[in-house]
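Structural overview
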Amino acid sequence: MVFGFFRKGGGEEEAVSRYADVVVVSLRKSAYYADSRDALLKTVGAAIEDSPTGRVVIEMSGVKQFTSGPLGALVVSARKAAEKGGRLVLAASVSGFVGKVLSTATETAANPSYPNVRAALSALSTEAASAFDRAQ
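We now turn to the structure provided with this report.

Criteria and thresholds
Residues numbered from 1 in each chain as written. Predicted model: local features only at pLDDT ≥ 70, side-chain atom pairs only at ≥ 80, totals over all residues. Heavy atoms only, no water. Salt bridge = Lys/Arg side-chain N within 4 Å of Asp/Glu carboxyl O. Helix = DSSP H or I, 4+ residues; strand = E, 2+ residues; numbered from the N terminus. Buried < 20%, exposed > 50% of the residue type's maximum accessible area, 1.4 Å probe, protein only. Pairing = 2+ DSSP bridges.

Enumeration over the complete set of coordinates arrives at four salt bridges. Measuring nitrogen to oxygen at the nearest pair gives 3.3 Å for the salt bridge that ties arginine 55 to aspartate 21. With arginine 55 in strand β5 (residues 55-59) and aspartate 21 in the loop between β2 (12-19) and β3 (22-26), this residue pair connects regions lying 34 residues apart in the sequence. A relative accessible area of 25% means that arginine 55 is categorised as partly exposed.

This is the structure:
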């Protein structure tokens, strides 16, 4: 099953799609500053709740700047996903630094960063990766 919708976040929209049991949040702004923290926390939190497994991919291919406020929102969200038995991972991250902070803050050895959405989905769920392939 694939669906898509938009959620307001910090004045612009994030695209949210679901592929089988994994939700993908595509960050659409080029820069995320401290004022984006609360909206990002709300959007990603809702994505975790929408995913039956708590697995979420944050797609960051268009993001050029990502400050500590939104980074903190991702750390809180990664912990929330883990509490649900799921996982939050990054696709096409702005830098390896964001992934390193996530893995350190969530105390996981699992790689939280993947080169693209397909690779991230494949690492989380073969069913989600297949649904993504069918949608392309």
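Right, let's talk about the pairing of β5 for a bit. Regular strands have side chains that alternate between both faces of the sheet. Burial within β5 is extensive, with four of its five residues counted as buried. Bridge count for β3 against β5 is five bridges, and the pairing is parallel. Paired with valine 25 across the bridge in β5 is isoleucine 58. Here β5 runs beside strand β7 (residues 87-91); their pairing, made up of five bridges, is parallel. Paired with glutamate 59 across the two strands is alanine 91, which belongs to β7.

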